[in-house]
Amino acid sequence: FAADTAHFVAAYAYDPGRPVVVAARKQAAGGGTVEFSISMSGVPANETGTFSYHTRLLNPQGEWVDVIPWSVQGVGGKASVRARFADNDPAGTWTLEVREVTTGRTATREVRKN
């Protein structure tokens, strides 16, 4: 392990699956907000443990825009994050990338900014 890198270990009695990301809307205008719901595909409904996610937003030019919370947590694997789009943000496809911290598994969801 590198001294300057955080490492996490988790033991599950089940395979937690992969992150699932759902956007409340597929399009957003300037000044609009899109809420993304995050969950894990294999987490049982009665799970009470906390899952942590690293989130990043990629703009249409391929640049990471870290203006949303870069870390979110949720009980039972359920969490959410919001992305607000400014009037002067570039139009095009924006991509939210979500990585579950302990498994390293990722998922993405795209929204179109008009």
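Bear in mind that the values here come from a model prediction, so they are computed numbers and not experimental data.

Colleague: Residues and numbers for the pattern of salt bridges, please.
Modeller: Evaluation of the coordinates by the stated rule reveals three salt bridges. Where Arg-105 meets Asp-15, a salt bridge forms, and the shortest distance between an N and an O atom there is 2.7 Å. Pair noted here: Arg-105 is in the loop between strand S8 (92-100) and strand S9 (106-113) and Asp-15 is in the segment before strand S1 (19-23), with a separation of 90 residues, a long-range link. For Asp-15, a relative accessible area of 48% gives the class partly exposed.

Colleague: I'd like a rundown of the sheet that holds strand S3 (residues 33-40), residues and numbers included.
Modeller: Read across the sheet, three strands follow the order S1-S3-S7 without closing on themselves; strand pairing throughout is antiparallel. Each edge of the open sheet is held by one strand with a lone partner, namely S1 and strand S7 (79-84). The average undirected angle you get between the axes of adjacent strands in this sheet is 25°. Bridging between S1 and S3 involves five bridges; their strand directions are antiparallel.

Colleague: Quick rundown of the pairing of strand S4 (residues 50-58)? Include the residues and the values.
Modeller: Side chains Phe-51, Tyr-53, Thr-55 and Leu-57 of S4 all project onto a buried face; the interleaved residues Thr-50, Ser-52, His-54, Arg-56 and Leu-58 project onto a face where none is buried. Two strands pair when backbone bridges link them, and S4 and strand S6 (residues 71-75) are joined in this way by five bridges, in the antiparallel orientation. Directly across from Thr-50, in S6, lies its bridge partner Val-75. Inspection of the sheet shows S4 paired to S8 by six bridges, in the antiparallel sense. Within S8, the residue paired with His-54 across the bridge is Arg-99. Across two bridges, S4 lies against strand S5 (residues 64-65) in antiparallel orientation. Each residue of the ladder has a partner; that of Leu-57, found in S5, is Val-65.

Parameters at a glance
Every residue gets a number counted from 1 within its own chain, in the order that chain's sequence is written. Residue-level local features of this predicted model are given only where pLDDT is at least 70; pairs of side-chain atoms are given and counted only at 80 or more, and the full residue set underlies all totals for whole chains, interfaces and linings. Each side-chain value is derived from all of the structure's non-hydrogen atoms; neither hydrogens nor water enter the calculation. A side-chain nitrogen of Lys or Arg and a carboxyl oxygen of Asp or Glu constitute a salt bridge if their distance falls within 4 Å. For the purposes of this entry, the term helix denotes a DSSP run of H or I that reaches at least four residues, the term strand denotes a run of E that reaches at least two, and both are numbered from the N terminus. Relative accessible area decides the class of each residue, using a 1.4 Å probe on protein chains only: under 20% of the type maximum gives buried, over 50% gives exposed, and in between gives partly exposed. One bridge is not enough; two strands pair if DSSP finds at least two bridges between them. Helix axes are fitted to C-alpha atoms over the stretch in contact, other axes to C-alpha atoms as well, and angles between N-to-C directions run from 0 to 180 degrees.

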